[in-house]
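# Examination of the molecular architecture
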Amino acid sequence: MSFLLDRLETWLTLLAWTRGTAGWLRAVRQGPARAPAGAPTRPRPAPTGPIALPTVHAVERGLAEARAALLGLQAPEGYWLGLLEADVTITAEYCLLQHLLGRVETRRERKAVAHIRDLQLPEGGWSIYPGGRSDLSATAKAYFACKLAGVSPEEPWMRRARQVILDLGGLSQVNVFTKITLALFGQYDWEKIPCMPAEILLLPPRAPFSIYQMSYWSRTVLVPLLVLFHYRPIHVLPPALGLDELVRGSRERTGLERASQLLSLKSAFVLLDRLVHLYDRYHLARWRRAALERAEAWLVARAEVPGGLGGIYPAMANAVLALRCLGYSEKHPLVQQGITALDALVAEGPDRLQVQPCLSPVWDTALAIHALLESGVAADDPTLVRAGEWLLARQVRVSGDWQIKRPGLEPGGWPFQFSNDFYPDNDDTAVALMALARLRLPDGTQQEEALQRGLAWLLGMQGEDGGWGSFDADNNRLWLNNIPFADHGALLDPSTEDLTGRALDALGYLGYGGDFPPARRALHFLRATKVPGGGWYGRWGVNYIYGTWSVMRGLKAIGEPLDRPYVQQALDWLEAVQNPDGGWGESCESYADPAGAGTGPSTPSQTAWAVMALVGGGRARGEAVARGVGYLLRTQESTGRWSDPVFNGTGFPRVFYLRYHLYPTTFPLWALAAYRNAMREAD
């Protein structure tokens with residue numbers, strides 16, 4: 001069986017080649033979000049007016065106010081945690097889930113509707129990031145959640161939303177995960193959704209279609225969905241609450257349209273999906289029973305971990321529904337624990353309620369430690385000691401899914417959330433290692449042991465290509481992104497430039513140089529992935545500015561000569577895309593159109609990344625840095641903080657974006673401190 005699956009993978013790759021060009025195949029390998037070579041740099045208009053270096057007094061005052069603001073946000077336990085804001089979809093899905101579970105609270109639902117309505121665009125739709133266009137799936141979920149909450153579809157703003165949905169194609173054109181949500185309410189036919197039979201859980205872990213060839217986020221979302229696909233539950237609604245008004249004028253794509261690119265990989269998967277649907281209809285009862293038993297065991301083991309399945313909203317919500325389908329009562333501890341974890345994501349104010357996709361305390365805490373240390377807080381300051389000890393306690397010491405690809409590797413990473421034992425990640429591990437390496441904690445032996453264990457884990461997670469992915473190693477069969485179920489294009493977790501730069505940054509902090517073999521391999525990866533004429537792509541932050549900052553820190557930390565042409569070219573690109581106001585900005589649109597790399601209104605976080613990259617690259621005394629620091633000082637608020645007007649983080653490129661509310665406090669502080677320190681060293 002394994003031999004046949006390997007041959008199938010080879011056939012699919014060859015089929016992809018027959019479509020036409022080597023460039024298309026390269027795009028499949030690199031993934032849909034990768035920028036093509038030669039993305040334009042879009043130089044800005046030359047700034048006008050005299051160049052004035054920020055005064056020492058102004059920088060020190062801004063630093064002091066920002067440092068005080070960040071210190072004031074620390075929790076008594078030692079961690080930092082900022083709001084992690086998503087688009088309207090998570091809040092809408094949470095409202096819909098309450099109806100499925102029969103636990104609607106009218107008061108809270110009204111607050112959620114108020115939040116949803118606040119985000120509606122003037123034309124009636126909802127976007128997936130501020131400044132974006134109306135998104136069909138986001139608009140459909142928002143409309144449905146408001147209608148179930150009792151909002152009349154004849155309200156003017158609901159009529160506008162309905163028209164946007166119809167103009168964009170109606171319910172038949174929403175994405176797969178939205179179709180699943182609609183099917184749970186009987187508003188979409190389960191048979192028309194791309195099929196994923198539970199039997200894929202019986203495949204060997206290294207088989208091409210195994211769940212372990214998918215990313216952690218896809219895996220945790222999919223396994224409970226396999227249970228739902230089998231039982232196909234439907235929460236019956238009164239006819240008046242249905243969505244018939246969103247079907248008029250919409251249609252499914254015809255078979256000819258699907259097969260218009262006969263030799264394309266997607267069309268091959270469409271044909272495969274028809275066969276899978278046929279099998280699902282007449283499945284072997286013995287295999288299905290074994291698959292459901294495996295799904296239950298898998299879910300139970302991971303749902304028992306505090307924080308919910310995978311620590312992310314979609315997986316947690318699906319897990320609760322799947323457990324109910326499997327016969328677990330509403331009062332069962334696992335179900336109740338899952339609901340409690342979901343409720344912990346709710347951010348409720350006096351008249352508004354929104355739901356976060358997950359919580360980010362490890363990430364926020366490690367970044368805050370870096371910024372405060374850079375700003376001059378002592379490494380043994382009680383505030384940072386408390387934070388460091390909190391970080392030490394979060395280190396994962398148990399096995400997880402990552403061991404499928406790295407079976408001999410001992411645990412030692414850090415998660416993103418308070419607890420996520422099965423899924424530590426390389427990004428959090430790298431920043432936690434750097435933070436802990438800079439602190440002086442009372443128990444030096446424990447600190448050193450954690451550093452050694454974490455370093456060994458991080459090194460063991462390096463991919464064969466020299467880079468690092470997020471949660472798994474060598475999770476790079478990117479042709480799987482073409483299966484109909486994966487229409488979000490983010491099924492995999494390949495190596496990325498920003499994470500590879502972060503890993504190099506950690507290696508540098510721990511005393512390694514560019515001659516260290518893992519560092520040499522990582523440098524090769526980064527040289528190969530740099531955009532000609534520009535910088536580096538940012539998978540987890542928006543976008544090329546973030547990626548370039550991440551890589552530049554790694555290059556400096558590891559001792560890569562900064563006068564090399566490819567490094568100087570990246571620094572030149574950053575200076576070229578600076579805005580006339582002195583700041584930097586980049587829209588989420590650059591993921592869909594790389595020509596917009598570095599293009600957008602200035603924001604504090606993106607300006608801070610650019611300033612730190614240039615300072616690290618030896619350009620602290622340049623005009624670009626002076627203007628960038630000036631922008632940060634001008635935009636600092638009376639609270640000592642800053643505010644990002646747009647989304648600054650990335651969940652899935654082109655699909656799901658985030659606003660880290662702590663970023664515009666942490667990163668500008670860090671940037672001002674880096675500038676101040678570099679200027680001191682130069683004097």
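Preceding this section is the structure that the text describes.
Residues numbered from 1 in each chain as written. Predicted model: local features only at pLDDT ≥ 70, side-chain atom pairs only at ≥ 80, totals over all residues. Heavy atoms only, no water.

### Considerations on the pattern of salt bridges
By the definition in use, this model includes 29 salt bridges. Glu-348 serves as the salt-bridge partner of Lys-111, at 2.9 Å between the closest nitrogen and oxygen. Taken together, the positions of Lys-111 in helix H5 (residues 106-118) and Glu-348 in strand S2 (residues 346-348) put the pair 237 residues apart, joining distant regions of the chain. On the basis of relative accessibility, which here comes to 11%, the residue Lys-111 falls in the buried class. With a shortest N-O distance of 3.1 Å, Arg-527 and Glu-560 are connected by a salt bridge. In this pair, Arg-527 is assigned in helix H20 (residues 517-529) and Glu-560 in the loop between helix H21 (544-558) and helix H22 (565-576), connecting sequence segments 33 residues apart. With a relative accessible area of 38%, Arg-527 lands in the partly exposed category. The buried category is assigned to Glu-560, whose relative accessible area is 7%. (Salt bridge = Lys/Arg side-chain N within 4 Å of Asp/Glu carboxyl O. Helix = DSSP H or I, 4+ residues; strand = E, 2+ residues; numbered from the N terminus. Buried < 20%, exposed > 50% of the residue type's maximum accessible area, 1.4 Å probe, protein only.)

### Quick word on a nonpolar patch on the surface
A surface patch of nonpolar side chains, about 260 Å² in accessible area, is lined by Leu-202, Leu-284 and Trp-287. Among the secondary structure elements, Trp-287 is positioned in helix H12 (residues 285-303). (Patch = residues over 30% accessible without salt bridge, like charges linked within 9 Å, V, L, I, M, F, W, Y side chains within 5 Å. Areas by Shrake-Rupley, 256 points an atom, 1.4 Å probe, with all protein chains shown as cover.)

### As for the sheet that holds strand S4 (residues 649-652)
Within a beta sheet, neighbouring strands are joined by backbone hydrogen bonds and run either parallel or antiparallel to one another. Here we have three strands laid out as an open sheet, ordered S1-S5-S4, and antiparallel in their pairing. At either end of the open sheet lies a strand with only one pairing partner, and these are strand S1 (84-85) and S4. Pairing geometry for S4 and strand S5 (residues 656-660), over three bridges, is antiparallel. Paired with Thr-650 across the two strands is Tyr-657, which belongs to S5. (Pairing = 2+ DSSP bridges.)

### Some words on the environment of Leu-81
Mapping Leu-81 onto the fold places it in the loop between helix H3 (56-71) and S1. By relative accessible area, which is 33% here, Leu-81 ends up partly exposed. When the C-alpha atoms of Leu-81 and Gln-417 are compared, they prove to be 9.8 Å apart, with 336 residues separating the residues in sequence.

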